[in-house]
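# Working through the structure, step by step
This is what each chain is made of:
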Amino acid sequence: MENTVVKIDNLVKRYGELIALDHFSLEIKQGEVFGLLGPNGSGKTTTINCLLSLLAFDKGTIEIFGKPMSPTAYDIKKNIGVIMQNVAVFDELTVYENIDYFCGLYITDKAERRKYVEDAIKFVGLEDFTKFYPKKLSGGLLRRLNIACGIAHKPKLIILDEPTVAVDPQSRNRILEGIQELNRNGATIIYTSHYMEEVEQICSRIAIMDKGRKIAEGTKDELKRMIKNTETIIIEVAGLSDEIRAKAAALPHVYDTEYDGQKLTVYCSGGKHNLIRVLGVLQENDISFGRVFSELPTLNDVFLEITGKALRDKEE
Amino acid sequence: MFLHNLFYDLKTSLRTKDLIIWLMVFPLALGAFFKFAFDSIYEETTKFSTVDVAVVDEAGDKAFRAVADGMAASDEPLLNVTYADREEALELLKKEEVKGIIFTGDELTLSVGYSDIEQAVLKSFVEEYNLRIRMIERAAAQDPAAAMKAAALISEKVSAVNEEPLTDGNPDYMVQYFYNLLAMVAMFGIMNGLHITEINQANISALGARKSCSPSPKLVSICSALTAAYIIQTVCMVLSVTYLRFILRVDFGSSLPLIYLTSALGGTVGVSMGFLIGSISFLSQKAKESLTVAFSLLLCFFSGLMVENMKMNIEQHIPWFNRINPAAVISDSFYCLNIYSDYSRYSEKVLTMAAFTVFFALLGFVFTRRKKYASL
């Protein structure tokens, strides 16, 4: 039977009138890569800060490794690695010194620590930069250093709060691969992000948050099954009449259509061969069309359908 | 854990450029500026040079000649005498080769071209000489033996004023500026203290948050950071005193070890004070930084760093403020060392500084012991 690593029960956190966490509950099992997904301000970071006993909360309980979490729960803390949203390293220390310093807060034996630090440097690929000061590192390398400082002591539970913000795609992929490797090595991971692609890529289970509440939880397939949409068909087509659009809308398994003068979007729920049927309607009516796309639902669609708004703002 | 933290706290402090500039470079530069400025003032106002004077001795006054020649031959001569006839003397005065002309006769008379400090010295000398001569003449009329004694003393009385120091210190008021400078460096320790809370409090910095997530107890982290700050501040104070004493050759008197002790203790007051300000949770870090700079400069201002008589004015009107102004207490400690021959007042100031250090640090601990924050 899987052990419960983190258990949050009925957590409430208020900032005056604003409810940041609204009776939030969660259970994370050992070996999971658990994703907390939600837009900015949904309560992800607040959850993490409460979990780490940095932030006081109004109601609820938090247990980690089966014990109540508190600021002085040092036996719990020594098994947790934290990678915060903001890079937290000393500008005055080199890459090696930074990792050694933070690792030294957990591992007191010098010889043992040296090995841990070298492993961490190798893990994040900073071998060529050990004597560099953080200011000399690029954004991606700096994020990697930030991660190395958080995982050098080889913790059992690793909490990553939006670790890929403002990171180039190459570094982002490397970070995501690294997280998966840490999980394969036995660490339980809590990963918060508002990038649904990342969460889909690495997380075995996901909780979607909005306005301090958990609005859905499950594997990505379970989450997608929660919604009506199973396929979205997009066809570039000009001069489409309302009559033809109505014919497409009347097809089996089609529950909605949109047309903006350039693109016809057809939303389907279940069924097979939906794309062939829609294209058949256009061909029967001698309507020429351009490119055709068929998309499976994303976590954004899940979020959109549950909350009525997109997971990310358009500019993001 | 403590030593690991201390090692890296020292390392980061020594590599923090802002801290080093304010604690080391700035005081050294300001000290050099003070020295340069005060030396010029001192030369112009206090250490006047030998006064060139022409003597027209038409009366053949042997007693005056003996006095004048004796003074001119001393190690630090007050007068540089040129004997001349009336026309030559007037010519020398016209060419400003002499500052005045002394005429012998029944009494000495003085002629000067214009009025300045050197002319004032000549005037004072002539008046003093005439006064002594009249005293001798009166004494001779009443008691010839007393007249001989007075005559023997005349050149000494007229030529010099002997300084009789009350302590081994240097009571020169210019030194007070250097004491205030040291007090200011000590007060800059506030920034050093502020840095402690910045890197240890989760609601102030990401570093503080990361450290708070570790199994290192907060008390250990803060104790090591505070120890590192005390060490750095003490080193800065010792360097400042050494630089002022041995490079700029500022005369701190013979109590140099106590000057070092006072400086070090003053530095710890500054660090503890910064730690206390940093631990005030309702202020933002920017507000705290602005507050510390303004606060330290204000305290230094009230201790007389910028205005010479400020501390005296405060002593007259609100004396209690001088007792609680750490900058004033620090500079007073130096002052006591140099002015008072016993150490009772100095000891009182040292104890006050020690009390400030402990009180501020303890209060800071009380404020930072908060384990969870209402917001981050």
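Residues numbered from 1 in each chain as written. Chains lettered and ligands numbered in written order. Predicted model: local features only at pLDDT ≥ 70, side-chain atom pairs only at ≥ 80, totals over all residues.

For the rest of this paragraph, the subject is the overall build of chain B. Along its length, chain B carries 15 helices and four strands. A buried classification covers 39% of the 376 residues belonging to chain B. A separation of at least 24 residues holds for 74% of the contacts in chain B among residues at least 6 apart in sequence. (Helix = DSSP H or I, 4+ residues; strand = E, 2+ residues; numbered from the N terminus. Buried ≥ 20, exposed ≤ 12 C-beta atoms within 10 Å, placed from the backbone. Contact = placed C-beta atoms within 7 Å.)

With that out of the way, let us pick up the overall build of chain A. The number of helices and strands found in chain A is eleven helices and 14 strands. Across its three principal directions, the C-alpha atoms of chain A cover 80 × 45 × 40 Å. Here chain A holds 316 residues, and the buried ones make up 41% of them.

Let's shift gears to the packing of helix α10 (residues 256–278) of chain B against helix α14 (residues 326–339) of chain B. All names here are of chain B. Direction vectors running N to C along α10 and α14 enclose 175°, while the axes themselves pass 10 Å from each other. Judged on the interaxial angle alone, α14 and α10 are roughly antiparallel. Every residue of α14 that contacts α10 at L258, I259, T262, G266, V269 and M273 is listed here: P326, I330, S333, F334 and L337. Along the lines of polarity and charge, the residues of the contact of α10 with α14 split into eight nonpolar, three polar and no charged. (Axes fitted to C-alpha atoms, helices over the stretch in contact; angles between N-to-C directions. Parallel < 35°, antiparallel > 145°, perpendicular 65-115°, else oblique. Nonpolar A, V, L, I, M, F, W, Y, C, P; charged D, E, K, R; others polar.)

What follows is about the domain arrangement of chain B. Interfaces are often described in size by the accessible area the parts lose on coming together. Looking at chain B, the domain boundaries give domain 1 (2–41 + 171–368) and domain 2 (51–159). Taking only C-alpha atoms into account, the centre of domain 1 of chain B sits 54 Å from that of domain 2 of chain B. (Domains from an automatic or database assignment.)

Attention shifts here to the interface of chain A and chain B. Counting residues at the interface gives 27 residues for chain A, matched by 23 residues for chain B. Of all elements in the fold, only α2 (74–77), β6 (80–83) and α3 (95–104) of chain A reach the threshold of two or more residues within the side of chain A that touches chain B. In terms of residue count, the dominant contributor to the side of chain A that touches chain B is α3(A) (three residues). The class makeup of the residues in the side of chain A that touches chain B is 18 nonpolar, six polar and three charged.

Residue and element names in this part refer to chain A. At a closest axis distance of 9 Å, the pairing of helix α4 (residues 110–124) and helix α5 (residues 139–151) adopts a crossing angle of 145°. Handedness of the α4/α5 crossing: right-handed. Together, A120, I121, F123 and V124 of α4 and R144, I147, A148 and I151 of α5 make up the contact between the two elements. For the contact of α4 with α5, the residue count by class is seven nonpolar, no polar and one charged. (Left-handed = near helix turned anticlockwise from the far one by under 90°.)

Residue and element names in this part refer to chain A. A sheet is described by the order of its strands in space; here six strands give the open sequence β6-β7-β8-β3-β9-β10, paired in mixed fashion. Here the strands that pair on one side only, and so sit at the sheet edges, are β6 and β10 (213–218). Shown here is a sheet whose adjacent strand axes are inclined to one another by a mean of 15°, direction ignored. Sheet strands in contact with α5 are β6 and β7 (157–161), and its direction is about 165° off that of β6. (Pairing = 2+ DSSP bridges.)

Here the focus is the environment of B:S255. The topology assignment puts B:S255 in the loop between α9 (218–247) and α10. Remark: the alpha-carbon pair of B:S255 and B:V185, spanning 70 residues in sequence, is separated by 20 Å.

Before going further, it helps to examine the nonpolar core. Counting residues in hydrophobic clusters, the biggest one holds 142 residues, and the most contacted among them are A:I99, A:A148, A:A152 and A:I189. Considering each element in turn, this core owes the most residues, 16 residues, to helix α7 (residues 173–198) of chain B. Contact partners of A:I99, with chain neighbours within four places excluded, come to A:V117, A:A120, A:I121, A:A148, A:C149 and A:A152. Ranked by size, the runner-up nonpolar core spans 20 residues in total, among them B:A54, B:V81, B:L93 and B:I102. (Core = buried A, V, L, I, M, F, W, Y, C linked by C-beta atoms within 7 Å.)

A word on unusual backbone geometry. Residue and element names in this part refer to chain A. Here E162, not a glycine, exhibits a phi torsion of approximately 45°, which is positive. Position of E162 relative to the elements: it lies in the loop between β7 and α6 (169–184). Among the residues examined, E162 registers 22 C-beta atoms within 10 Å and is labelled buried. Even without a glycine there, the phi angle at H273 is positive, about 60°. Tracing the chain through its elements places H273 in the loop between β13 (263–268) and α10 (274–284).

We now examine the domain arrangement of chain A. When its domains are assigned, chain A resolves into domain 1 (4–219) and domain 2 (231–296). Relative placement of domain 1 of chain A and domain 2 of chain A: their C-alpha centres are 44 Å apart.

Time to look at the sheet that holds strand β4 (residues 59–64) of chain A. All names here are of chain A. With antiparallel pairing, the four strands of this open sheet are ordered in space as β2-β1-β4-β5. Two strands lie at the open edges of the sheet, namely β2 (18–29) and β5 (67–68), each paired on one side alone. Direction of pairing for strand β1 (residues 4–15) relative to β4: antiparallel, over a ladder of five bridges. Counterpart to V6 in the pairing with β4 is I64.

Okay, the environment of B:I222 next. Looking at the secondary structure, you find B:I222 in helix α9. In contact with B:I222, other than residues within four places in its own chain, are B:I196, B:N200, B:F365 and B:T368.

Regions with low pLDDT should not have their predicted coordinates read in detail. Residue and element names in this part refer to chain B. Per-residue confidence for chain B gives a mean pLDDT of 82, with 88% of residues at or over 70. Here helix α6 (residues 144–159) is the element of chain B with the lowest mean pLDDT, 57, and helix α1 (residues 2–14) is the one with the highest, 94. With pLDDT under 50 throughout, residues 159–166 is counted as low confidence; its partners more than four residues away or in other chains account for four contacts. Both scores are available for the predicted complex, with the pTM at 0.75 and the ipTM at 0.85. (pLDDT = per-residue confidence, 0-100.)

Next up on the list: the pairing of strand β8 (residues 188–193) of chain A. When a strand is regular, its side chains alternate between the sheet's two faces. Residue and element names in this part refer to chain A. In terms of residue burial, β8 counts as a mostly covered element, since six of its six residues are buried. Judged by which residues are buried, β8 turns out to be covered on both faces: T188, I190 and T192 on one side and I189, Y191 and S193 on the other are all buried. Sheet topology places strand β3 (residues 33–37) next to β8; five bridges connect them, and they run parallel. Looking across to β8, one finds that G35 is bridged to Y191. Both β7 and β8 contribute to a ladder of five bridges, which runs parallel. Among the inter-strand pairings, L157 is bridged to a residue of β8, identified as T188. Assessed by its sense of winding, the connection that carries the chain from β7 through α6 to β8 is right-handed. (Right-handed = clockwise from strand over helix to strand, strands pointing away.)

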